[in-house]
Amino acid sequence: MKRQKRLSWFIAASVIGLSSVTFSAQAACVNDQFENLEVVGETRLSVLFWDVYDAQLRTDSGNYDSYDQRALRLTYLREIKASELVESTQEEWERLGIEITENHQTWLQELNQMWPDVKKGTCLMMIEDADGFAQFHSADGQLGTIQSATFTDDFLAIWLDENSRFKDERNELIGAGS
């Protein structure tokens, strides 16, 4: 049963990924805004025998329960097309009961244009700005911004919501253990 759960999440989990790839892959994904925040937690998503991504959550306080700014870095451990990441984002929103509004459709289109296809070692970071907007970065620099605090909350819910698909990984990210 647990294997079936993990297998079904494999596609959805491809949305973004972080883990302990290798030090050089992590070092290549450096961003001052991200590095200035404190680590809350980190995890690796593995589905069956496939490592999908490593994830790290940071906040300005180093705490999940009290913060003004959040950031999530995913370091992919396998190749995934950007279109699959976007599709998985929508599927996870629907699974969480988030209504897919016209705004959500627009945001998904923006992500499809913004995100690159990923391969082993590629990292994507979502950094919340002072207005609550989601700035996306890769090792090559800023990819774009989605100017909506609602988007930021809905996007992070994929990993941080109490109903997130992978409970153990969610708990590791928020610093609650398993």
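Residues numbered from 1 in each chain as written. Predicted model: local features only at pLDDT ≥ 70, side-chain atom pairs only at ≥ 80, totals over all residues. Heavy atoms only, no water.

**Regarding the nonpolar core**
Consideration 1: Judged by nonpolar contacts, the single largest core of 38 residues is most densely connected at Trp115, Phe136, Phe151, Phe155 and Trp159.
Consideration 2: Secondary-structure elements contributing two or more residues to this core are strand E1 (38–47), strand E2 (50–59), strand E3 (70–76), helix H4 (82–95), helix H5 (102–114), strand E4 (123–128), strand E5 (134–138) and helix H6 (149–160).
Consideration 3: Among the elements that take part in this core, H6 stands out by supplying seven residues, more than any other.
Consideration 4: Counting seven residues, the second largest nonpolar core, distinct from the first, contains Cys29, Phe34, Ala71 and Ile127. (Core = buried A, V, L, I, M, F, W, Y, C linked by side-chain atoms within 4.5 Å. Buried < 20%, exposed > 50% of the residue type's maximum accessible area, 1.4 Å probe, protein only. Helix = DSSP H or I, 4+ residues; strand = E, 2+ residues; numbered from the N terminus.)

**Some remarks on H6**
Consideration 1: In this model H6 runs 15 Å from its N-terminal to its C-terminal C-alpha over 12 residues, within 8% of the 16 Å that 1.5 Å per residue would give.
Consideration 2: Judged by how many residues are buried, H6 sits mostly within the fold: nine of 12 residues are covered.
Consideration 3: Taken together, the buried positions of H6 are occupied by Phe151, Thr152, Asp154, Phe155, Leu156, Ala157, Ile158, Trp159 and Leu160.
Consideration 4: Measuring from the backbone nitrogen of Thr150 back to the side-chain oxygen at the start of H6 gives 3.2 Å, which picks out Ser148 as the cap. (Expected span 1.5 Å × (residues − 1). Polar contact = N/O pair within 3.5 Å; in protein donor to acceptor, adjacent residues only side chain to side chain.)

**Details of the packing of H4 against H5**
Consideration 1: Following both chains from N to C, one finds H4 and H5 inclined at 155°, their axes separated by 9 Å at the closest point. With respect to each other, H4 and H5 are oriented roughly antiparallel. Handedness of the H4/H5 crossing: right-handed. Note on element contacts: H5 touches H4 through His104, Gln105, Trp107, Leu108, Leu111 and Asn112, opposite Ala82, Ser83, Val86, Thr89, Gln90 and Trp93.
Consideration 2: Considered class by class, the residues forming the contact of H4 with H5 number six nonpolar, six polar and no charged. (Axes fitted to C-alpha atoms, helices over the stretch in contact; angles between N-to-C directions. Parallel < 35°, antiparallel > 145°, perpendicular 65-115°, else oblique. Left-handed = near helix turned anticlockwise from the far one by under 90°. Contact = heavy atoms within 4.5 Å. Nonpolar A, V, L, I, M, F, W, Y, C, P; charged D, E, K, R; others polar.)

**Some thoughts on the sheet that holds E5**
Consideration 1: Within the open sheet, the six strands sit side by side as E1-E2-E3-E4-E5-E6. Their pairing is antiparallel. For this open sheet the edge positions go to E1 and strand E6 (141–146), each flanked by a neighbour on one side alone. Pairs of neighbouring strands in the sheet enclose a mean axial angle of 20°, with direction left out of account.
Consideration 2: Contacts between H6 and the sheet are confined to E2, E3, E4, E5 and E6, with E3 contributing the most and set at about 55° to the helix. (Pairing = 2+ DSSP bridges.)

**Let's talk about a negative patch on the surface**
Consideration 1: A grouping of Glu79, Glu84, Glu87, Glu91, Glu94 and Asp117 is seen on the molecular surface, where their side chains present a negatively charged patch.
Consideration 2: Tracing the sequence through the fold places Glu79 in the loop between E3 and H4.
Consideration 3: Residue classification places Glu79 among the exposed residues on the basis of a relative accessible area of 66%. (Patch = residues over 30% accessible without salt bridge, like charges linked within 9 Å, V, L, I, M, F, W, Y side chains within 5 Å. Areas by Shrake-Rupley, 256 points an atom, 1.4 Å probe, with all protein chains shown as cover. Salt bridge = Lys/Arg side-chain N within 4 Å of Asp/Glu carboxyl O. Lys, Arg positive; Asp, Glu negative; His and termini not counted. Charge placed at Lys NZ, Arg CZ, Asp CG, Glu CD.)

These figures capture arrangement, not role.
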